[in-house]
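Structural overview
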Amino acid sequence: MPNVSTTTNQDQPTPTVRFAPSPNGLLHVGHVRSAVLNWRYAADLGGIFLLRIEDIDIGRARPEYEAAIFEDLAWLGIGWPAPVRRQSEHFADYEAALTELRKLDLLYPAFMSRSEAQAQVRKIESTGQSWPRDPDGAAHYPGDDRNLPSAERTRRIADGAPHAWRLDMKAALKGLGTTLLWDEHGEGPAGETGKIAADPAAWGDVALARRDFPASYHLAVTVDDAIQDITDVIRGQDLFAATSVHRLLQQLLGLPVPRYRHHSLVLDSTGRKLSKSDGAASIASLRDEGVTPADVMNRAGVADIRLGEPSA
Ligand code: GLU
């Protein structure tokens, strides 16, 4: 992350950042890196650091993990204004965005379950044909539900058929007529910086509302960043590619475009990024072992960053 300027311009909005963990596990050292970089950025610029709880995946979010997030951040010396925004309390905002996109005729109900879609892709690939994958490695949605007549969609939904809502990517891009750019002040995994050309097509027909919860990560994060007047999105490089989808949604929904500062990740001894699912040591367990906040910041690669008082 480059050094930030400490001058502020009266005409500019107050620098506002957010740390946005999902309460589906305990925080690890990788989260600390993101939280501290956000906190320090706001403190240096006299800006606002917000904590957002990304609990849109209601099946996986747990109140005890949310409580642990509060405890871990406070232990590190990070504070935030109350109340925090919890995505589960704002479904109406995501529904309003979906309604906008439906009005533009850019959404369709997708009836294939995840396992049906996977089976379909395996079938296609077994014939030797290749099938596109998104930047996270997931196969593009193989269903052709976007071509279903509207009466048939309505009938299936009325019959209670489970469905997600997907963006018709081709239709969305057709209406744009311009390459979407974003300002990258950190860097992508391959060192990308400056004006970045978004490549939303790489994601195929992304799901914007899931079968089991009312908004996808992509939709909720984009809507929330706009509602919370986030000026700078500071997050890990693992979300660099996803920014293409967020940039497209901003364009379609007429939302402001924040600056992006993707930061490098904390890697484990095998060079892989830390993850909850791979059992990365939690901050809570490190604390129980007697590790200090300074040690944790050191492991997070932010030892040189002071918490505590904002700079003058
Ligand atoms: N909730 C996401 C996560 O925990 C972060 C989203 C973001 O910073 O855009 O990985």
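Notes on the structure in this doc start here. Note that the structure is a prediction, hence the values are computed from the model and not measured.

What counts and what doesn't
For every chain, the first residue of the written sequence is number 1, and numbering continues from 1 onward in sequence order. In view of the model being predicted, local features appear only for residues whose pLDDT reaches at least 70, and side-chain atom pairs are presented and counted only at 80 or more, with totals across whole chains, interfaces and linings using the full set of residues. In computing side-chain properties, one takes all heavy atoms of the structure into account and sets aside hydrogens as well as water. In this description a helix means any DSSP run of H or I spanning at least four residues, a strand means any run of E spanning at least two, and both kinds are numbered starting from the N terminus. Based on C-alpha atoms, the radius of gyration is set beside the globule rule, defined as 2.2 Å times the residue count to the power 0.38. Relative accessibility decides the category of a residue: with a 1.4 Å probe and only protein chains considered, values under 20% of the type maximum give buried, values over 50% give exposed, and everything between is partly exposed. Each accessible area value is a Shrake-Rupley result obtained with a 1.4 Å probe; residue values ignore everything except the protein chains displayed when judging cover. Stacked, tilted and edge-to-face are the three classes assigned to paired rings of Phe, Tyr and Trp, where Trp is represented by its six-membered ring and a pair needs centres within 6.5 Å; plane angles under 30 degrees give stacked, over 60 edge-to-face, the rest tilted. Near residues are defined by distance, with any heavy atom within 4 Å of the molecule or strand qualifying the residue. Any pair of nitrogen or oxygen atoms within 3.5 Å is treated as a polar contact; in protein, a donor-acceptor pairing is required on top of that, and neighbouring residues in sequence qualify only through side-chain atoms on both sides. Each residue gets one label: Ala, Val, Leu, Ile, Met, Phe, Trp, Tyr, Cys and Pro are nonpolar, Asp, Glu, Lys and Arg are charged, and the others, such as Gly, are polar. Here, strands pair whenever DSSP counts at least two bridges between them. What counts as an axis is a line fitted to C-alpha atoms, over the stretch in contact for a helix, and the angles between N-to-C directions run from 0 to 180 degrees. Throughout, the term roughly parallel applies to angles under 35 degrees, roughly antiparallel to angles over 145, roughly perpendicular to angles from 65 to 115, and oblique to all others. It only takes one pair of heavy atoms within 4.5 Å for two residues to be counted as in contact. Expected helix span is computed as 1.5 Å times (number of residues minus one). This arc describes the spread of directions from the helix axis toward the C-beta atoms. By nonpolar core we mean a set of buried residues, namely Ala, Val, Leu, Ile, Met, Phe, Trp, Tyr and Cys, connected to one another through side-chain atoms within 4.5 Å.

The helix and strand tally for the chain stands at 10 helices and 10 strands. Over its C-alpha atoms the chain spans a radius of gyration of 21 Å, differing by no more than 12% from the 20 Å that the globule rule assigns to 312 residues. Summarising its shape, the C-alpha atoms of the chain cover approximately 60 × 45 × 40 Å along the three principal directions. Taken across its 312 residues, the chain has 47% of its residues classed as buried. Carbon and sulfur atoms form 50% of the exposed surface of the chain, whose accessible area is close to 15,400 Å².

So, on to the packing of aromatic side chains. Counting across every chain of the model gives three aromatic pairs. Seen from their ring centres, W182 and F240 are 5.2 Å apart, and the 65° between their planes marks the pair as edge-to-face. A residue pair is termed long-range when its members are at least 10 positions apart, and W182 in strand β6 (residues 181-184) and F240 in the loop between β9 (232-236) and α8 (243-253) qualify at 58 residues. F240 carries the same exposure label as W182, and that label is buried. Following the ring pairs from residue to residue traces out a cluster consisting of W182, F240 and Y260.

Moving on, we come to the site of the ligand. The environment of the ligand is formed by R18, A20, P21, S22, E54, Y217, V221, R235 and L239. In this structure, R18 approaches the ligand through a side-chain N or O atom, which is 2.9 Å from an oxygen atom. Taking A20, its main chain carries an N or O atom lying 2.7 Å from a nitrogen atom of the ligand. Of the residues belonging to the shell around the ligand, the class tally is five nonpolar, one polar and three charged.

Sheet architecture is open: three strands sit in the order β4-β5-β8, paired in antiparallel fashion. Whereas interior strands pair on both sides, the edge strands pair on one side only; in this sheet they are β4 (107-110) and β8 (207-209). Mean inter-strand twist for the sheet, computed between neighbouring axes without regard to direction, equals 45°. Two elements, strand β5 (residues 164-167) and β8, share two bridges in a ladder whose sense is antiparallel. Residue R166 lies in a different strand from β8, and its bridge partner there is A207.

Moving on, we come to the packing of helix α3 (residues 91-103) against α8. Where α3 contacts α8, the axes come no closer than 10 Å and their chain directions differ by 70°. Here α3 is positioned roughly perpendicular relative to α8, judged by the angle of their axes. Between α3 and α8, the residues in contact are A97, E100 and L101 and L249, L252 and L253, respectively. Counted by class, the contact of α3 with α8 contains five nonpolar, no polar and one charged residues.

For helix α4 (residues 114-126), which comprises 13 residues, the first-to-last C-alpha distance of 18 Å matches the rise-based estimate of 18 Å (1.5 Å per residue) to within 8%. For α4, the complete set of buried residues consists of A117, V121 and I124. The buried residues of α4 occupy an angular sector of 60° when projected down its axis, which confines them to one face. For α4, the exposed residues set more than 90 degrees away from the buried face come down to R122, K123 and S126. G128 sits one or two positions beyond α4 and adopts a positive phi of about 95°.

Taking 1.5 Å as the rise per residue, α3 with 13 residues should run 18 Å; its terminal C-alpha atoms sit 18 Å apart, in good agreement. Burial in α3 covers these residues: Y94, A97, L98 and L101. For α3, the angular spread of buried residues about the axis comes to 100°, placing them on one side. α3 presents A92 and K103 as exposed residues on the side facing more than 90 degrees away from its buried surface. Downstream of α3 by one or two residues, D105 has phi in the positive range, about 65°.

Next up on the list: the nonpolar core. Of all hydrophobic cores here, the largest spans 36 residues; its most connected members are L167, L208, L219, L248 and L252. Secondary-structure elements contributing two or more residues to this core are α3, β5, α6 (169-174), β8, α7 (217-227) and α8. In terms of residue count, α8 provides more of this core than any other element does, five residues in total. With near-sequence residues (within four places) excluded, L167 lies in contact with L106, L107, Y108, A172, D205, V206, L208, L248 and L252.

Coordinates in, geometry out; function isn't part of it.
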